[in-house]
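# Coordinate analysis (summary)
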Amino acid sequence: MWALRRASNPFKFRVLSLGASRVCCSNPEPISGCSERNSAVFESLQAACERCRSYHTSNVCPSLYVARRSLSSQAGAESSESDDDLQDGFSELEAPAVEESNSAGANEEELVSEPELDEDVDDNEPSHALEMLDNEADLVGKTTMRKRVSSELFKTIISSQSVPLNTILDKWVEEGNALGRSELSTTMLNLRKRRMYGRALQLSEWLEANKQLDFGERDYASRLDLIAKVRGLHKAETYIEKIPQSFRGEVIYRTLLANCVSANNVKKAEEVFNKMKDLEFPITTFACNQLLLLYKRLDKKKIADVLLLMEKENVKPSIFTYKILIDTKGQSNDLAGMDQIVETMKAEGIEPDINIQAILAKHYVTGGLKEKAEAILKEMEGGNLKEHRWSCRLLLPLYAALGNDDEVGRIWKICESNPRLEECTAAIEAWGKLKKIDEAEAVFDKMLATWKKLSSKHYSALLKVYAAHKMLAKGKDLVKKMADSGCRIGPLTWDALVRLYVEAGEVEKADSLLNKAAQQNQLKPMFSSYLAIMEQYAKRGDVHNAEKMFHRMRQAGYVARLRQFQVLVQTYISAKVPAYGIRERMKADNIFPNKGLAAQLAQVDAFRKTAVSDLLD
């Protein structure tokens, strides 16, 4: 790790932060000793991080005081110029975000993301989620995670969604059915896979209230995770005080940390991390990766600070650490630095997995290195694509990004006879990128014919294609089909609809739709939905509506981000009016301008001095 860090001044490191991550309740990673070889790893990694400095601001203060082993969200909190929160980066690198609810009094079962049927997921392919191993999955068994697991209790809960869960469980016990740990763990795992966190939380509460399960630390951690997802971080923190002291260990605080990262709450995440240090819990690779995930999105310059901490605490980087670093270098368009990190990883005996290869290929495409991208894609195919079938879902959009419709057709032909849902959605995305609307629609029709019921995720794939090509009429028809099929329309669909109307120039319609949807369904719209509308108001110089959208994002529970202020300031620039008090507002939200935003702020400063103003004075 020293090799990673050394190239830049130890206190001028860059940070990375991926999006919201899912909680990990697996066994803490062992902290290995920092041998000379391990020091060389950090040195190499930090040498690669040096180039990143030219893509970000130069005025960087130490955000991580190693001697005291603490983090601060205040010092050096400027965000990078490339920070773009509406982009999720490379989706394969990030798990689905489940945002903190802003409506604690609402029906908890409705305060979740749209469900994804676990039957739709091909669990035989390698997992690309974050370092996630839920308590329930651990109890069922690691090998079980890659199999379709179900249970009679789970089927009963799913088939009776209109019935209160307490009633279902009481009846289950009265009929003499067993509630063994294996059955409960499988049920909980499947509820989580469907993102039915409200139901899962009710199940956990019922088990404890009826003394059906002897709770251990991992059971409490699972409850904490569900509370954070359904009721928010504040309620989760309060719950920790109710956990018996003997079970209030590292796993509990790790779970809270992961949910703070999921909510993109830098201040709270750093508080929890420092709390773990104060309690003298070991600094694990998982905890450090959580900070890297957070900083990659919100404050890239702090990445090197985390690397320094890992070196000081003898924490060895995992393959996921390398994934984060590789993706960050790629996002900064530092392809040489990205390659250097790959070489360091290989020197440690870690070969890039298929997801890392996909990340590399994506950034080679973006950087214009077509030949290198194609070489990586052929390597991902492994010589026999039928034997490496799981790679198809990654290959399809990547070949499309290269503009190679022949290769997309070849890959899809392999999948077409016996397609998997993820391959279908990837094919729809790929054909959409290539402007082959008929082919995308044909894949969707095949999905409808193959599976009895599709989730909103699958409808949204085609809806996004229509939005990208301003096909408003077809988009509306597709939404009607969704409603007629009984498919639940939630944040993912709203986001696609918002983009559909925005691309069609109907910004007010998009605004009205999003507002009504959020109020009627008590679900939290996606950050990108608000931002897409706000950006259109910025182009118009519509200060009133841009400020309104900014306020609605705050009401929805989203923590202020640099990107929001960039768009808001741009609105004032377009309107050619000063933005009074904007710097004070940013300071109150702990947002510090990068070079780009600083230049914007100068344009809307009501008291700035110019040559003309000096003459007039």
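Conventions we followed
Counting of residues starts from 1 at the beginning of each chain's written sequence and follows it residue by residue. Restriction of local features to residues with pLDDT of at least 70 applies here, the model being predicted, together with a cutoff of 80 or more for giving and counting side-chain atom pairs; totals for whole chains, interfaces and linings are based on all residues. For the side-chain quantities, the full set of heavy atoms in the structure was used; hydrogens and water were omitted. Helical segments are the DSSP runs of H or I of at least four residues, strand segments are the runs of E of at least two, and each set is numbered from the N terminus. The cut-offs for exposure are 20% and 50% of the maximum accessible area for each residue type, with area from a 1.4 Å probe on protein chains only; residues under the lower value are buried, those over the upper are exposed, and the others partly exposed. The criterion used for residue contact is that any of the two residues' heavy atoms lie within 4.5 Å. All accessible areas in this document rest on Shrake-Rupley with a 1.4 Å probe, and a residue is counted as covered only by the protein chains that are shown. Distance thresholds for patches are 9 Å for like charges and 5 Å for nonpolar side chains (Val, Leu, Ile, Met, Phe, Trp, Tyr), applied to residues having over 30% relative accessible area and no salt bridge. Salt bridges are defined as contacts in which a side-chain nitrogen from Lys or Arg sits within 4 Å of a carboxyl oxygen from Asp or Glu. Only four residue types enter the tally: Lys and Arg on the positive side, Asp and Glu on the negative side, with His and both chain ends excluded. For this purpose, a charge sits on NZ of Lys, CZ of Arg, CG of Asp or CD of Glu. A pair of aromatic rings is counted whenever rings of Phe, Tyr or Trp (Trp by its six-membered ring) have centres within 6.5 Å, and the orientation is called stacked for planes under 30 degrees apart, edge-to-face for over 60 and tilted otherwise. To define a nonpolar core, start from buried Ala, Val, Leu, Ile, Met, Phe, Trp, Tyr and Cys residues and group those joined through side-chain atoms within 4.5 Å. Note on geometry: axes are C-alpha line fits, over the in-contact stretch for helices, and angles between N-to-C directions span 0 to 180 degrees. Any angle that falls under 35 degrees is termed roughly parallel, while one over 145 is termed roughly antiparallel, one within 65 to 115 roughly perpendicular, and all others oblique. It is the rotation of the near helix from the far one that decides the hand of a crossing: anticlockwise by less than a right angle makes it left-handed, clockwise makes it right-handed. What counts as a disulfide here is a pair of cysteine sulfur atoms lying within 2.5 Å. Polar here means any residue outside two lists: the nonpolar Ala, Val, Leu, Ile, Met, Phe, Trp, Tyr, Cys and Pro, and the charged Asp, Glu, Lys and Arg; Gly therefore counts as polar. This arc is taken over the directions from the axis of the helix to the C-beta atoms. We call two N or O atoms a polar contact when they sit within 3.5 Å, provided that within protein one can donate a hydrogen and the other can accept it, with sequence-adjacent residues counted only if both atoms are side-chain atoms. Multiply 1.5 Å by the residue count of a helix minus one, and that product is the helix's expected span. Note on scores: pLDDT gives the predictor's confidence for each residue, bounded by 0 and 100.

## A short note on the overall build of the chain
Across its full length, the chain carries 31 helices and 2 strands. For the chain, with 617 residues in total, the buried portion stands at 57%. At a minimum sequence separation of 6, the contacts of the chain that also span at least 24 residues come to 77%. Here the chain displays about 25,700 Å² of accessible surface, and carbon together with sulfur accounts for 49% of that area.

## Comments concerning a positive patch on the surface
A surface patch of like charges, here positive, comprises Lys476, Lys480, Lys509 and Lys516. If you list the elements that add at least two residues to the positive patch, you get α23 (472–484) and α25 (507–521). If you trace the backbone, Lys516 turns up in helix α25.

## Points about the pattern of salt bridges
Across all of its chains, the model carries 34 salt bridges by this definition. Salt-bridge contacts for Arg231 lead to Glu205; the nearest nitrogen and oxygen are separated by 3.0 Å. Placement of the pair is Arg231 in helix α8 (residues 217–231) and Glu205 in helix α7 (residues 197–209), with a sequence separation of 26 residues. The class of Arg231 is partly exposed, set by a relative accessible area of 23%. Close ionic contact of Glu271 with Lys268 constitutes a salt bridge, the shortest N to O distance being 3.2 Å. Of this pair, Glu271 and Lys268 both sit in helix α11 (residues 266–278), 3 residues apart, which is roughly one turn of the helix. On the accessibility criterion, Glu271 (38% relative accessible area) is partly exposed.

## Focus: unusual backbone geometry
The phi dihedral of Asn333 is positive, around 65°, even though this residue is not glycine. Topologically, Asn333 is positioned in the loop between α14 (319–331) and α15 (335–347). You can call Asn333 partly exposed: its relative accessible area is 43%. You will see that Lys470, though not glycine, has its phi angle at about 55°, which is positive. The topology assignment puts Lys470 in the loop between α22 (456–468) and α23.

## Examining the packing of aromatic side chains
Within the structure shown, the criterion is met by 7 aromatic pairs. Pairing Tyr220 with Phe247 gives two aromatic rings, centres 5.6 Å apart and planes at 40°, and the pair type is tilted. With Tyr220 in helix α8 and Phe247 in the loop between α9 (233–240) and α10 (250–262), this residue pair connects regions lying 27 residues apart in the sequence. On the accessibility criterion, Tyr220 (9% relative accessible area) is buried. With a centroid separation of 5.1 Å and 65° between ring planes, the pair formed by Phe550 and Phe565 is classed as edge-to-face.

## Notes on the nonpolar core
Counting 166 residues, the largest nonpolar core has Ile326, Met380, Ile428 and Ile533 as its most contacted members. Ile533 has contacts with Val498, Val502, Val507, Ala510, Asp511, Leu514 and Met549, leaving out every residue within four places of it along the chain.

## Side note on the packing of α14 against α15
With their axes 8 Å apart at the nearest point, α14 and α15 run at an angle of 165° to one another. On the basis of their axis angle, the class for α14 and α15 is roughly antiparallel. Relative to α15, the crossing made by α14 is left-handed. Across the interface between the two elements, Tyr322, Leu325, Ile326, Lys329 and Gly330 from α14 touch Gly337, Met338, Ile341, Val342, Thr344 and Met345 from α15.

## Quick notes on the state of the cysteines
This model, assessed by the stated rule, comprises 0 disulfides. Just so you know, Cys424 is unpaired, no disulfide at all, and the nearest cysteine sulfur is the one on Cys415, 8.1 Å from it.

## Re the packing of helix α19 (residues 405–416) against helix α20 (residues 421–433)
For the pair α19 and α20, the least separation of the axes is 11 Å and the interaxial angle reads 160°. By the angle class used here, α19 and α20 are roughly antiparallel. In this structure, α19 meets α20 at a crossing whose hand is left-handed. Across from Asp405, Val408, Gly409, Trp412 and Cys415 in α19, the residues of α20 making contact are Glu423, Cys424, Ala427, Ala430 and Trp431. Of the residues that constitute the contact of α19 with α20, the class distribution is 7 nonpolar, 1 polar and 2 charged.

## Quick word on helix α30 (residues 595–603)
Leu597, Gln600 and Leu601 are the residues of α30 that are buried. Burial along α30 is one-sided: seen end-on, the buried residues are contained in an arc of 100°. In this structure, the buried side of α30 is in contact with α28 (562–575) and α29 (582–588). N-capping of α30 is provided by Asn594, with a side-chain oxygen placed 3.2 Å from the backbone N of Gly596.

## Structural notes on the environment of Gly367
Examined against the element boundaries, Gly367 turns out to sit in the loop between α16 (354–366) and α17 (370–381). On the accessibility criterion, Gly367 (33% relative accessible area) is partly exposed. Between the C-alpha atoms of Gly367 and Leu335, which are 32 residues apart in sequence, the distance is 7.6 Å. Excluding its chain neighbours within four sequence positions, the residues that come into contact with Gly367 are Asn333 and Leu335.

## Some points on α10
Between its terminal C-alpha atoms α10 stretches 18 Å, which fits the 18 Å expected from 13 residues at 1.5 Å a residue. Of all 13 residues in α10, 13 are buried, a share of seventy percent or more. Just past α10, the residue Asn264 takes up positive phi, approximately 55°.

## A closer look at the confidence of the model for the chain
Mean pLDDT over the chain works out to 77, with 74% of the residues at or above the 70 mark. Low pLDDT, under 50, characterises residues 51–147; the predicted model gives this stretch 303 contacts beyond four residues in sequence or across chains. pLDDT under 50 marks residues 612–617. Its contacts with residues more than four places away, or in other chains, come to 3 contacts.

## So, the environment of Lys370
Structurally, the position occupied by Lys370 is in helix α17. Distance in space between the C-alpha atoms of Lys370 and Leu402 is 7.2 Å, their sequence separation being 32 residues. Apart from residues lying up to four places away in sequence, Lys370 is in contact with Tyr364 and Leu402.

## A word on the environment of Leu472
With respect to the secondary-structure elements, Leu472 resides in helix α23. Residue class for Leu472 comes out buried when judged on its relative accessible area of 15%. Taking the C-alpha atoms as reference points, Leu472 and Leu497, separated by 25 residues in sequence, lie 9.1 Å from one another.

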